[in-house]
Amino acid sequence: MEIEEKYPKNFQEFLEQFKDEESCRNYLFELRWSAGFICPKCKSTKKHWLTAKNMIHCGICGYQTSLTAGTIFHGTKKPLLLWFHIIWWIVAQKTGVSASNMTDFMGFGSYKTAWTWLQRIRRAMVRKGRDKIFGIVEVDKTYIGGIERNTEKSAKGAATKTMVVVAAECKGKKIGRVRFRCIKEAISENLIPFIQDNIKQGSTVITDDSIGYAPLQQTHNYKHEVKTGAKSGTDSHSLLPHIYLVGSLVKRWLQGTHQSKVSPKYLPYYLDEFAFRFNKKISTNRGWLFYKLMQQAIETGQIGKSKIVGK
């Protein structure tokens, strides 16, 4: 049976499938090596066994590796069963989980530990090499975070907020997938690479008349549609309605789930979480979301504490 068929469909099935550490280890093993174990050193698939310390021993070259090596679980001193429960809980909450709530609910000894775990999991929410969005796509910048001040400078977001460029697929009046990137300035050097990295060539890209998008049609394979009217007082809601709605939803989510306590340094990872949830909103199967996040937790690689809190 393929591993895709084995994920739990609901929490009751989750409890039945993951009763102890052994069941969690077996699941991770099948998820990593569904076609059979491959030695990281000699690439042999012929012979291996599990040692008393739960190390996988290659019978050809003698190399030993941990089941969690090269994953976000690498070096954890906590049970895998706890990781599994937390990941299930995260995907089961439609609005996400804050470190404060997780500290209380899961019995962590400190807020800092819960926060670090969530940061690791957020880094697994974006799949490497994910498909680009395509079709009709709106692109615009918004400002997130900071404190509102009644000054002309801060009203533009320059002093107190983080500038974020957003792309949203237009499915009629509905919104398809979304992409985010924090930038320092709305110039071509930042906007064009974002479009190239996230939107498939041949798509119709709709923007406002900012000069930063000017090179798009001349030098890149996109259909560029410009919405004018910002200077004449036309609402952004009317110009780029999909982006306006996405921006409102992100800010509401950060304010509600995280009480807006998100620093600019870590904002990109919170935006990754929002995109993960939003882009998979059509799925009502929590088990499938659990499976996808577990799969990406393995593919993301090792994430040490220094990588999270470093400069």
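The rules we used
- Residues numbered from 1 in each chain as written.
- Predicted model: local features only at pLDDT ≥ 70, side-chain atom pairs only at ≥ 80, totals over all residues.
- Heavy atoms only, no water.
- Axes fitted to C-alpha atoms, helices over the stretch in contact; angles between N-to-C directions.
- Helix = DSSP H or I, 4+ residues; strand = E, 2+ residues; numbered from the N terminus.
- Parallel < 35°, antiparallel > 145°, perpendicular 65-115°, else oblique.
- Contact = heavy atoms within 4.5 Å.
- Nonpolar A, V, L, I, M, F, W, Y, C, P; charged D, E, K, R; others polar.
- 1 Å grid on protein atoms, 1.4 Å probe; cavity = no way out; pocket = protein on both sides within 12 Å on 5 of 7 lines; lining within 4 Å.
- Points joined across faces, edges and corners; volume = space filled by probe spheres on them.
- Salt bridge = Lys/Arg side-chain N within 4 Å of Asp/Glu carboxyl O.
- Buried < 20%, exposed > 50% of the residue type's maximum accessible area, 1.4 Å probe, protein only.
- Left-handed = near helix turned anticlockwise from the far one by under 90°.
- Pairing = 2+ DSSP bridges.
- pLDDT = per-residue confidence, 0-100.
- Core = buried A, V, L, I, M, F, W, Y, C linked by side-chain atoms within 4.5 Å.

Participant: Please clarify how the packing of helix α2 (residues 21–32) against helix α12 (residues 286–300) should be interpreted in this entry.
Facilitator: Packed helices, taken two at a time, are described by the angle between their axes plus the distance between the axes. Taken N-terminus to C-terminus, the directions of α2 and α12 make an angle of 70°; their axes are 10 Å apart at the nearest point. Taken together, the axis directions place α2 and α12 in an arrangement best described as roughly perpendicular. Residue-level inspection shows Y27, L28, L31 and R32 of α2 in contact with α12, the latter providing F290, Y291, M294, Q295 and I298. Looking at the contact of α2 with α12 residue by residue, the class counts come to seven nonpolar, one polar and one charged.

Participant: Even after reading the chapter, I still don't get empty space enclosed by the protein, so can you show me in this structure?
Facilitator: Summary: where empty space remains is shown by rolling a probe the size of a single water molecule over the atoms. As enumerated under the stated definition, the model contains one cavity of 30 Å³ or more in all. Lining the largest cavity, in full, are I90, V97, L118, I121, R122, M125, E273 and R277. Elements with a contribution of two residues or more to the lining of the largest cavity: α5 (111–123) and α11 (267–279). In terms of residues, the lining of the largest cavity owes the most to one element, α5, which gives three residues. Within the lining of the largest cavity, the residues separate by chemical class into five nonpolar, no polar and three charged.

Participant: Explain the pattern of salt bridges here, please?
Facilitator: When their charged atoms lie close together, side chains carrying opposite charge are able to pair. Per the stated rule, a full pass over the model turns up five salt bridges. Its salt-bridge partner being D197, residue R181 comes within 2.9 Å of it at the nearest N-O pair. Placement of the pair is R181 in strand β6 (residues 174–183) and D197 in helix α7 (residues 188–198), with a sequence separation of 16 residues. Here R181 falls in the partly exposed class, since its relative accessible area comes to 27%. Classification of D197 by relative accessible area gives partly exposed; the value is 47%.

Participant: Please explain the packing of α5 against α11 as it appears in this structure.
Facilitator: Two elements in contact, α5 and α11, have axes separated by 9 Å at closest approach and are oriented at 60°. Classified by the interaxial angle, the pair formed by α5 and α11 is oblique. The two elements α5 and α11 meet at a crossing, and its hand is left-handed. Along its contact with α5, which presents W115, Q119, R122 and R123, the element α11 presents Y269, Y270, D272 and E273. Taken together, the residues of the contact of α5 with α11 break down into three nonpolar, one polar and four charged.

Participant: Looking at this model, I keep getting lost on the sheet that holds strand β5 (residues 162–171). Mind explaining?
Facilitator: Within a sheet, neighbouring strands are paired by backbone hydrogen bonds and run either parallel or antiparallel to one another. Spatially, β6-β5-β4-β7-β8 is the arrangement adopted by the five strands of the open sheet, whose pairing is mixed. Two strands lie at the open edges of the sheet, namely β6 and β8 (223–227), each paired on one side alone. Adjacent strand axes in the sheet meet at a mean angle of 25° when their direction is disregarded. Of the strand pairs in this sheet, β5 and β6 are connected by eight bridges, and their pairing is antiparallel. Paired with V164 across the strands is C182, a residue of β6.

Participant: Whenever I open this one, the confidence of the model for the protein chain confuses me. Can you help?
Facilitator: Parts of the model with low pLDDT should not have their predicted coordinates read in detail. With 91% of its residues at a pLDDT of 70 or more, the protein chain has an overall mean of 87. Put simply, helix α6 (residues 152–155) is where the protein chain has its lowest mean pLDDT, 43, and β5 is where it has its highest, 97. Confidence over residues 147–158 falls short of pLDDT 50; this stretch has ten contacts with residues more than four positions distant or in other chains.

Participant: Which parts of the structure should I look at to understand the nonpolar core?
Facilitator: Soluble, globular proteins show a tendency: their nonpolar side chains are buried together. Among the nonpolar cores identified, the biggest contains 68 residues, and F73, F84, M102, I121, F180, V246 and F290 are the most heavily contacted of them. Here this core takes nine residues from helix α3 (residues 80–92), the largest share from any one element. Ignoring anything within four residues of it in the chain, the contact list for F73 reads L28, T68, L80, W83, I87, M294 and A297. Core analysis: the second largest hydrophobic core is formed by 16 residues, M163, L191, I199 and Y222 among them.

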